[in-house]
Amino acid sequence: MMNFIFGKLTLDALPHAWFTIGGTATITLGGIATALLLTKYKKWKWLWEKWLTSTDPKKIGIMYIIVASLMLFRGALDALMIWTQQAMSTGSSHGYLSPAHFQQIFTAHGDIMVFFVTMGFLFGLINFIVPLQIGARDLAFPFLNTLGFWLYVAGVVLINMFFVFGGDFAAAGWLSIAPLSELQFSPGIGVDYWIWSLQISGIGSLIGGINFIATIIKMRAPGMSLFKMPLFTWTSLCSMVLVVSVFPILAVTIALLNLDRFFGMHFFTSTAGGNPMMYTNLIWTWGHPEVYILILPGFGIFSEVVSTFSQKKLFSYSSQVAAAIGVTLLSMVVWMHHFFTMGAGADVNAFFGIMTMFIAVPTGVLVFNWLATMFRGKIVYSTPILWFLGFVATFTFGGMAGVLMSVPPADFQVHNSLFLVAHFHTMIIGGALFGIFAGLTYWFPKFTGFKLDEKLGIYSFWFWLIGFFVSFIPLYILGFMGATRRLDHYSSSTGWQPLFITSLIGFCIIAIGAGIQVLQVIVSIKNRKQNLDTTGDPWNGRTLEWATKSPPSFYNFAIIPEVKDRDAFWDIKQGSRVKDQGLMEKYEDIEMPKNTAMGIYVAGFLFVFGFAMVWHIIWLAIITLIGTIVCFIIRAFDDESEYVLPASEVAKIEEGRIHG
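What comes next concerns the included structure. Please read these numbers as outputs of a predicted model, since none were measured by experiment.

What follows covers the overall build of the chain. The secondary structure content of the chain amounts to 21 helices and 2 strands. What you see for the chain is a C-alpha radius of gyration of 25 Å, in line with the 26 Å of a compact globule of 660 residues. Along the longest, intermediate and shortest principal axes, the C-alpha atoms of the chain span 75 × 65 × 50 Å. Every one of the 660 residues in the chain was classed for burial, and the buried ones make up 57%. Across the chain, contacts joining residues at least 24 apart in sequence account for 82% of those joining residues at least 6 apart. As displayed, the chain has an accessible area near 27300 Å², and 70% of this comes from carbon and sulfur atoms. One way to put it: in the chain the 38 positive side-chain charges average out to a point 9 Å from where the 36 negative ones average out.

The following block contains the structure:
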């Protein structure tokens, strides 16, 4: 009877190790502190009605960014623990982590930073900016937008749930490669937490991708053809095309692994006809395009930043678009370079090696076009463009390492080494994370109505850039010296410890930069009256998001603008069309989506369903699955999901904006 009620969940699953006790205490105290603050300031109703149930993509975007920021701290803490262990664990000293715990931290760090930090930041920026850039009032499917966000949150909570119930996380690497992730080698529930946190959040990403594509294709302002779209919108579209193309592969792969673990099947086992290499092929068929899912929006951000701060049109817009499309297509045919050493043969390796080299061509076109845009421009060296210049330095360095590894014989030497780890981090931090920082700084006044403190922004940039090279150049060297990834102990005779210590020092420098970023936000809020954005256009921008006030109204545009140029807002500002866009036009009623809590309810049911599947509580899984279906049925029959904002109310709001 107890097995029926609780499944595999026993008292042994409660926190008992130092890290699970610490994690549970942190989660509990953080929750209590938040609840007390909301109660003290009587903000529960405000939080529920204005934020949690909102369908406004701008608010959803900000919530994505807040959650991703919290997870960035969580992932950075894992990185600190990894580097500290490697700096200490040599010779007779075995550091402070057991080998099993080290592998769990290694796995959690990769998953959190890819799925719940970078993806979260990018979905937040796309939510906020893309509708504004294309002159839309909302996304195509507002309910699916809020549902996608709450599924992401459910995944965030589930991947951290092992602190409270379980004690162990997956230790099979961030992609849980089979057969290491099979029951024979991972009999605990850590891999199951991995499966369901990624499956649930992945469904949210897939829903978001479909929503963004539909919005960009169908909801652009009059006159905005595809080849008049801003580059950030273009690269977001390319990224979302990859999402809807490859996330179903991830979903199926994880589902097959779950069938192996839950029902004793043998898709990826080494026995009973299973094929572990099939898992590797499937997971990397998703995994390498995922790299470009993360990087492509960063490329779009750099395009916006370089054009704005060079005070020029983008050089060769058409080739920029073609290059983004080229990267998107080629990203689908390079996955096998991740396992050149598997013995596929010279022909197969040669093809994927050539494709890997070839993808550098459109990427190089993008970089050279940005530099050509800056050439003879009136460059304003503000923080956003510093992040771009930092990207050029890091991405070029990492790109050369990537071209080296695209040569199969060279890859045989550095495969599974810290050289690969350094290359991957160079590309993702330099391409995606620096792009995110540039975008957050660039659009921060649009989010909040005031700019970030410039001096602190510059300080944080230099700490990040210097710390980055101090951290990862030693890893390139260690890779050449034979140090493998996932290494928790090594002989003192290798002489590697000074390099590992140097990497740890580099992390500390990065941490100072991150701390300055937090201070930058605090100081900027405190001094916001000195940095107010009263015009909606603090950077002399060129695209339509700068045509709105800061922060924008909940309906974005009182009058949908008509686009006649690629730099739509720049064209308006030249004076030739100010009258066309003026506020003397007649306002019309605006149809807007109502707030809804149904996304929270569906995500809540699926979260509990995932938890039940982890612990084999079958009755609970059935009930929550039924609850999910019932929520969708109720939503499908809801005919009151929208309301009309009268033209008179729009006029009143706009009048207040003009005179207020």
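Let us now look at the packing of helix α4 (residues 57–88) against helix α17 (residues 497–526). The geometry of α4 relative to α17 is characterised by a closest axis approach of 8 Å and an angle of 155° between their N-to-C directions. Put simply, α4 runs roughly antiparallel to α17. For the pair α4 and α17, the sense of crossing is left-handed. Every residue of α17 that contacts α4 at A76, A79, L80, W83, T84, Q86, A87 and M88 is listed here: Q497, F500, I501, S503, L504 and F507. Class assignment of the residues belonging to the contact of α4 with α17 gives a composition of 10 nonpolar, 4 polar and no charged.

Here we take up empty space enclosed by the protein. Enumeration according to the criterion identifies 4 cavities of 30 Å³ or more in this entry. Approximately 90 Å³ is the volume found for the largest cavity. Taken together, Y64, F115, F116, M119, G120, F123, Y152, S201, G202, S205 and F247 make up the lining of the largest cavity. At the level of elements, α5 (99–133) and α7 (190–218) are the ones that each hand at least two residues to the lining of the largest cavity. Classifying every residue of the lining of the largest cavity by side-chain character gives 7 nonpolar, 4 polar and no charged.

As a further point, take the packing of aromatic side chains. How two aromatic rings sit relative to each other is set out by the distance from centre to centre and by the angle between their planes. The tally for this structure, following the rule as stated, stands at 62 aromatic pairs. Measuring from centroid to centroid gives 6.1 Å for F116 and Y152, while their planes differ by 40°, and the two rings are tilted. On the criterion of sequence distance, the pair formed by F116 in helix α5 and Y152 in helix α6 (residues 142–159) is long-range, its members being 36 residues apart. Residue F116 shares its accessibility class with Y152, and that shared class is buried. If you follow K43 out to its NZ or CZ, it ends over the ring of W46, 5.1 Å from the centre. Across from the ring centre of W570, 4.2 Å away, lies the NZ or CZ of R542, which sits over that ring.

Attention shifts here to a nonpolar patch on the surface. The grouping of F397, M400, I473, I477 and M481 at the surface amounts to a nonpolar patch, some 430 Å² of accessible area in total. Listed by contribution, the elements that provide at least two residues to the nonpolar patch are α13 (383–405) and α16 (454–481). If one sorts the elements of the nonpolar patch by residue count, α16 sits on top with 3 residues. Along the chain, M481 falls in helix α16.

All right, on to the environment of T534 then. Within the secondary structure, T534 is located in the loop between α17 and α18 (568–573). With relative accessibility at 71%, the residue T534 sits in the exposed group. Sequence separation between T534 and F169 is 365 residues; the distance between their C-alpha atoms is 49 Å.

Attention now goes to the nonpolar core. Counting residues in each nonpolar core, the largest one holds 187 residues, and the members touching the most others are Y193 and W370. Excluding anything up to four places from it in sequence, Y193 contacts L158, M161, F162, F165, F169, F611, V614 and W615.

On to the pattern of salt bridges. Taken as a whole and assessed by the stated rule, the structure comprises 7 salt bridges. Linking D537 and K573 is a salt bridge whose minimum nitrogen-to-oxygen distance equals 2.8 Å. Of this pair, D537 sits in the loop between α17 and α18 while K573 sits in helix α18, and the two are 36 residues apart along the sequence. Taking the relative accessible area as the measure of exposure, D537 reaches 14% and is therefore buried. On the basis of relative accessible area, K573 is assigned to the partly exposed category, the value being 28%. Across the salt bridge formed by R542 and D567, the nearest N and O atoms sit 2.9 Å from each other. Separated by 25 residues along the polypeptide, R542 in the loop between α17 and α18 and D567 in the loop between α17 and α18 bring together distant segments of the chain. Here R542 and D567 have matching classes, each one buried. The network of salt bridges with shared partners includes K313, R542, D565 and D567.

What counts and how
Residues numbered from 1 in each chain as written. Predicted model: local features only at pLDDT ≥ 70, side-chain atom pairs only at ≥ 80, totals over all residues. Heavy atoms only, no water. Helix = DSSP H or I, 4+ residues; strand = E, 2+ residues; numbered from the N terminus. Rg over C-alpha atoms; globule rule 2.2 N^0.38 Å. Buried < 20%, exposed > 50% of the residue type's maximum accessible area, 1.4 Å probe, protein only. Contact = heavy atoms within 4.5 Å. Areas by Shrake-Rupley, 256 points an atom, 1.4 Å probe, with all protein chains shown as cover. Lys, Arg positive; Asp, Glu negative; His and termini not counted. Charge placed at Lys NZ, Arg CZ, Asp CG, Glu CD. Axes fitted to C-alpha atoms, helices over the stretch in contact; angles between N-to-C directions. Parallel < 35°, antiparallel > 145°, perpendicular 65-115°, else oblique. Left-handed = near helix turned anticlockwise from the far one by under 90°. Nonpolar A, V, L, I, M, F, W, Y, C, P; charged D, E, K, R; others polar. 1 Å grid on protein atoms, 1.4 Å probe; cavity = no way out; pocket = protein on both sides within 12 Å on 5 of 7 lines; lining within 4 Å. Points joined across faces, edges and corners; volume = space filled by probe spheres on them. Phe/Tyr/Trp six-rings, centres within 6.5 Å; stacked < 30°, edge-to-face > 60°. Lys NZ or Arg CZ within 6 Å of the ring centre and 35° of its normal. Patch = residues over 30% accessible without salt bridge, like charges linked within 9 Å, V, L, I, M, F, W, Y side chains within 5 Å. Salt bridge = Lys/Arg side-chain N within 4 Å of Asp/Glu carboxyl O. Core = buried A, V, L, I, M, F, W, Y, C linked by side-chain atoms within 4.5 Å.

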